[in-house]
Every structure is written in structure tokens, then in C-alpha cells.
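Chains, contacts and geometry: an overview
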Amino acid sequence: TSRRCPPLLHLRSRPSAMPAEPAAAHAAEKPPLTSDYLDCAQLRFSLGCTTVADKAPLKAQLLKQIEEKEMAPFYRATCEALGWEADAALLAKLEAANATELARLSDAIKTAEESEGESEICSAMLAKAEFLMRIGERAKALAALEETYAKTVGLGPKLDLLLTKLRLALFFDDKKLTADTIDAAKGLLDQGGDWERRNRLKVYEAVFHISTRSFKKAADLLLDSVATFTATELISYNTFVLYTVTTSLLSLPRADLKSKVIDAPEILQVLGEIPHLANLLNGLYECRYRTLMEALVGIVDSLYADRYMHAHTRFYWRELRVLAYNQFLESYRSVSLAGMATSFGVSADFLDKELSGFIAAERLSCKIDKVNLVVSSTRPDKQSAQFHSAIKQGDLLLNRLQKLSRVINV
């Protein structure tokens, strides 16, 4: 009978409530996972980001990680991406170390195949796959992980391999591979699986949704994981809270924002450690719009340098302002342009241009009286809004029926 392949060991922020895997004693020999691997991808991204002012410390930190982990392929790719001149001596040293280690790992696999059992073979294959992944050999690491997965038995070890594969996909920003791997992991979880792996997968999936601008899905998954966060090999807890708060602001109604975010003790304990985040959250909820706008500027700078949020920074900047303007106008039938500008800490001219653009795009239900310099709300009542919605949906249904009838007649 085949023996279970030993599961990977993962860093936990609290003791697991689940019983240990049968092979846990063998896995305990491995060091716990850290975020160092994905931190390298973030450092490289930050070095290519135009808003990062002082890049010297980041470059030194990245080069230190590359040398310590002997990441020759990643170093070569980084030099090409950032336009650095590669250090030939360093690159030769890293490549020689990689060749030596690969030969050792290949010999270990061969020895295991000749004289040891399935569990030892699987462990040797996994060690080689993790090494290839660590140094930045994407294609070879992916092939090695697939080969190891084919020989692995047991839901737990298979899920651990899929989580490892997800880290590889996120490292190289391969969205298709990420989506496919998440689906595969969900399929295994439908057959069973402990709560710790299930909750870690939620964080992985949430990060993927953030990268694809599905903020509502990301917020739901992140909020489900607040009390059980253990995916420290993916992101730090402070980054997790940053993602949770920023996505929730655009996704949750005020009542849910209060109960699930503002009053959550797990979020409150680190909220003050993240620059501008407390002012962003409380500024919107407490209608302190000047504070909100000031905090939004700082938060957007942070999000712009984040590899998952970077592409969506302008969207976030726009949508949160629309949300704040709508919330402000809900309290008034009309308000002076100067008064509203004072509340938001901006000039009347800036606010005039800002509101005009959003009104033209039908994002705000108001109009501006340029003679009296007054902003008047034109928000329809609930019954009228439902009537117009029903008419719009009816028109869409009729159009679809007409298209269907033409197809049937043909």
C-alpha cells in the first residue's frame, strides 16, 4: 500500500484545533513558511514603481534576499525588468550554487527511487520543486510541483501542494494559473479538509480577487477570515487588515461596516499601526469628510505601491470619492457649493469640476446651480426608483425576447 506523502508545514498564528496529520512528525523537520518568497516579488515591484522615492534601501534588501536564497534566475529576470547591469561575479556564483544544489536534489530523488518508499520519494521530489520555486525557475518549478502532486496521496498534503502552487502563481502574477488552482483546491475541500487550510485558501482567493478588482468578493472572504487568519506566508497581518478595510469601505453598507469592521477587535488591535487607515475608515463612517479626503491621499499612495492594488488605484480613488459625495448629499435637499467644499477641505472650483464630471457620468443624483452656487439633490424617492428600474429591466427582457424570436424564425 502507498504511504501518505508528508504535508508541508505552515506557520500558524494560533494553535490549530485540528488533529495532526499522521506524517506531521516527519514534516516538523522542515522550517516554517514565511512571507520572504512573496516579499521578493513585492520588493521588485516597488523598485519599479515611480511613486517610491528612496529606492536604495529596497534595492539593498532585495539583493540581500537574492544572495541569501541563491536566486540566480530571479536575479537575471530582475536585472532585465529594472534595467540594472547584472553583477557577473554574483550571477556566476549563484548559478554555480544552483547547479550544485540541483545535482544534490536529483541524486536524492534517484536514491529514494532505488531504495526507499513512496513517502521518501515524494519528499525528495517536493524538496526539488520548492528549490526551483525559491530561485525563480517558474516553468521547471511548476512542472516539478505537478509531478509531485501526481504522486501525493491524502487531501491535506494535496491541498498544501496547491497552496504552494498558488504562491508560485501569485509570485509571477499568473492570473489564469491562480484561478485554475483555486478551483482545484475548492474541489478538494468539497471532499473534506481541515478548517486551517480552508481559511488560508480564503485569504489566497481574496488576494486574487483584489488583483482582478472583485472587491466585493474579496471583502466577503477577508471578513470571514479576520478571526482565523493564519496565511502569514502570503501577506502580513497588517497588510491583511489594510486589504480588509479598503475593500469593505466600497462593499459594505454602513450598518455592516460598523459591526464587521469598525467594532472588530482583531482589526482594532492593529488599525493604528497602518498609516492613514483609521482616519479613512472613521472619516467616512463619522462623516468627517475633510479627514477622509486627507487620509485617502495617503492610502492611495500606499495602494499604488502594492502589486495587487496598483492597477486599481485610480478606480479606488474615484469610487471612494463618489461614495463620500453621495453619502454627504443624502442629508441635504440643497447645499451651497462653498459649504460642501469646506466640508471636504477642497476649493469650490475643484468641487464644481469634480461634481460636474460625476453628474455627467450619472454617478451622482444632483445638479449644480451655477448662478446661486448651490448643489441640489435630485435623488428619486424609493418608489420612483423601483418604477424606473422595473421599466429598464422590462426593456431589456423585451429586447432579448425579440432577438430570440428572430433566431427561432430563422
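Thresholds, definitions, all that
- Numbering of residues starts from 1 in every chain and runs along the sequence as written.
- In keeping with the predicted nature of the model, local features appear solely for residues at pLDDT of at least 70, side-chain atom pairs appear and are counted solely at 80 or more, and the whole-chain, interface and lining totals rest on all residues.
- Excluded from the side-chain calculations are hydrogens and water; all other atoms, namely the structure's heavy atoms, are used.
- Every helix listed is a DSSP run of H or I at least four residues long, and every strand listed is a run of E at least two residues long, numbered separately from the N terminus.
- Only protein chains enter the calculation, and the probe is 1.4 Å; a residue is then buried if its accessible area is under 20% of its type maximum, exposed if over 50%, and partly exposed in between.
- Whether two residues touch is decided by their heavy atoms; if any such pair falls within 4.5 Å, the residues are in contact.
- Per-residue and other accessible areas were derived by the Shrake-Rupley procedure at a 1.4 Å probe size, with only the shown protein chains allowed to occlude residues.
- Residues scored as positive are Lys and Arg, those scored as negative are Asp and Glu, and His as well as the terminal groups of each chain are ignored.
- One atom stands in for each charge, and that atom is NZ of Lys, CZ of Arg, CG of Asp or CD of Glu.
- Known as pLDDT, the predictor's confidence for each residue is given on a scale from 0 to 100.
- To count as a disulfide, a pair of cysteine sulfur atoms needs to be within 2.5 Å.
- A fitted line through C-alpha atoms represents every axis, and for helices the fit uses only the stretch in contact; the resulting angles, taken between N-to-C directions, go from 0 to 180 degrees.
- In this scheme, roughly parallel covers angles under 35 degrees and roughly antiparallel covers those over 145, while 65 to 115 is roughly perpendicular and the rest are oblique.
- Throughout, a crossing is termed right-handed when the near helix is turned clockwise from the far one, and left-handed when it is turned anticlockwise from it by less than a right angle.
- Basically, the charged four are Asp, Glu, Lys and Arg, the nonpolar ten are Ala, Val, Leu, Ile, Met, Phe, Trp, Tyr, Cys and Pro, and anything else, Gly included, counts as polar.
- Two strands qualify as a pair provided DSSP detects at least 2 bridges between them.

**As for the overall build of the protein**
In terms of regular secondary structure, the protein is built from 20 helices and three strands. Taken along the three principal axes of its C-alpha coordinates, the protein extends 90 × 60 × 50 Å. For the protein, with 410 residues in total, the buried portion stands at 43%. Across the protein, the fraction of contacts at a sequence separation of at least 24, relative to all contacts at a separation of at least 6, is 61%. For the protein, the exposed area adds up to about 20900 Å²; of that, 54% sits on carbon and sulfur atoms. Distance between charge centres in the protein, computed from 52 positive and 52 negative side chains, equals 6 Å.

**Concerning the environment of E266**
The topology assignment puts E266 in helix α14 (residues 265-271). Along the sequence, E266 and Y237 sit 29 residues apart, while their C-alpha atoms lie 9.9 Å from each other. When residues no more than four places from it in sequence are discounted, the contact partners of E266 are V226, A227 and Y237.

**Side note on the confidence of the model for the protein**
Keep in mind that low pLDDT regions are not for reading the predicted coordinates in detail. Per-residue confidence for the protein gives a mean pLDDT of 89; residues scoring 70 or more make up 91%. In this model, residues 1-28 is a region of pLDDT below 50 whose contacts with residues beyond four sequence positions or in other chains number 63 contacts.

**Here we look at the state of the cysteines**
Taken as a whole and judged by the stated rule, the model has zero disulfides. Between C287, a free cysteine, and C366, which holds the nearest cysteine sulfur, the sulfur-to-sulfur gap is 17 Å.

**Focus on the environment of K216**
Mapping K216 onto the fold places it in helix α11 (residues 215-224). On the accessibility criterion, K216 (44% relative accessible area) is partly exposed. Placed 33 residues apart in sequence, K216 and L249 show a C-alpha to C-alpha distance of 9.7 Å.

**Topic: the packing of helix α12 (residues 237-251) against helix α17 (residues 313-329)**
Orientation of α12 relative to α17, taken along the N-to-C sense of each, is 50 degrees, at an axis distance of 10 Å. Taken together, the axes of α12 and α17 lie oblique to each other. Seen along the crossing, α12 lies across α17 with a hand that is left-handed. Counted together, T246, L249 and L250 of α12 and F315, Y316, E319, L320 and L323 of α17 form the full contact between these two elements. Each residue belonging to the contact of α12 with α17 can be placed in one class, and the counts come to six nonpolar, one polar and one charged.

**Observations regarding the pairing of strand β2 (residues 366-369)**
Burial of the side chains of β2 is restricted to one face: C366 and I368 are buried, whereas none of K367 and D369 on the reverse face is. In the sheet, β2 pairs with strand β3 (residues 374-377) via four bridges, with the strands oriented antiparallel. The residue of β3 that forms the bridge with D369 is V374. Connecting β2 to the antiparallel partner β3 that follows it, the hairpin turn spans four residues, and L373 within it adopts a positive phi of roughly 55 degrees.

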